[in-house]
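A structural walkthrough
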Amino acid sequence: SQTIHQWPATLVQPVGSPLSLECTVEGTSNPNLYWYRQAAGRGLQLLFYSVGIGQISSEVPQNLSASRPQDRQFILSSKKLLLSDSGFYLCAWSVSTGKTGELFFGEGSRLTVL
Amino acid sequence: AQSVAQPEDQVNVAEGNPLTVKCTYSVSGNPYLFWYVQYPNRGLQFLLKYITGDNLVKGSYGFEAEFNKSQTSFHLKKPSALVSDSALYFCAVRDRGNFNKFYFGSGTKLNVKP
């Protein structure tokens, strides 16, 4: 069966410090991968998605970037964190074939920028 | 643009009573619709989806949803609520212009009281 892992689960970082959140998927090949941010425990904002290695689509221009160095690895990064980067970051995957599949989410990474 | 709306910020229901969490959509063409549940500090869990066919879709944990094309709605329902159903519920739509993208509603907090 497929599983998705995110780490770290919790992170407290000072303003201006770098960020790296990692996500890996097991049990599937060539998944579509996604990063969402959830602010204040509510709506989800799509940040990035990837349909293959090295292929990144950015939905919202901002202080963050994403990379996909391997088929089942998706990394969210920042060179200098802002206070507004605080939130709950969720990685997700879906099958890349067909049009009807659902998203499967990881357990999330809570980032607090002080 | 594809979108979903959840008009209720919060729904309160007594245990044992039926529950409904509302979702309306704005999609050109036939929509692919989803419901997810999120418990505090956890990732989203998939409940059910509507792709085509029967308007009543059955999902996990006794939940079901009714697709209504004339009212552009996809309401989540359960005949008898449990206290453990208390959580945040999200409706989502898969973008028919770009099937790689999913958009989420703002979420509805369900409170089930004993």
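Please refer to the structure placed before this passage.
None of these values were measured; they are calculated from a predicted model.

Going through the model one piece at a time under the given rule, you end up with 18 aromatic pairs over all chains. On the numbers, 5.9 Å between centres and 75° between planes, the contact of A:Phe105 with B:Phe104 is edge-to-face. Within this pair, whereas A:Phe105 is found in strand E10 (residues 104-105), its partner B:Phe104 is found in strand E11 (residues 102-104), the two belonging to separate chains. You'll find A:Phe105 and B:Phe104 in the same group, each marked buried. When the ring of B:Tyr25 is compared with that of B:Phe67, the centres are 5.8 Å apart and the planes differ by 15°; the resulting orientation is stacked. Of the two residues, B:Tyr25 is situated in strand E4 (residues 24-26) and B:Phe67 in strand E8 (residues 64-68); the sequence distance between them amounts to 42 residues. Overall, B:Phe67 belongs to the buried group, its relative accessible area being 6%.

In this section: the state of the cysteines. Applying the stated criterion across every chain, the model contains two disulfides over all chains. A:Cys23 shares a disulfide with A:Cys91; S-S distance 2.0 Å. Every disulfide takes its handedness from the sign of the S-S torsion; for A:Cys23 and A:Cys91 that torsion is -75°, giving left-handed. Residue A:Cys23 is found in strand E3 (residues 19-26), and its partner A:Cys91 is found in strand E9 (residues 87-94); the two are separated by 68 residues along the sequence. There is a disulfide in this structure between B:Cys23 and B:Cys91, and the S-S distance comes to 2.0 Å. Measuring the twist about the S-S bond at about -60°, one finds the B:Cys23-B:Cys91 disulfide to be left-handed. Of this pair, B:Cys23 sits in the loop between strand E3 (19-21) and E4 while B:Cys91 sits in strand E10 (residues 87-94), and the two are 68 residues apart along the sequence. Like B:Cys23, the residue B:Cys91 is buried in the burial classification.

Rules behind the numbers
Residues numbered from 1 in each chain as written. Chains lettered and ligands numbered in written order. Predicted model: local features only at pLDDT ≥ 70, side-chain atom pairs only at ≥ 80, totals over all residues. Heavy atoms only, no water. Phe/Tyr/Trp six-rings, centres within 6.5 Å; stacked < 30°, edge-to-face > 60°. Helix = DSSP H or I, 4+ residues; strand = E, 2+ residues; numbered from the N terminus. Buried < 20%, exposed > 50% of the residue type's maximum accessible area, 1.4 Å probe, protein only. Disulfide = S-S within 2.5 Å.

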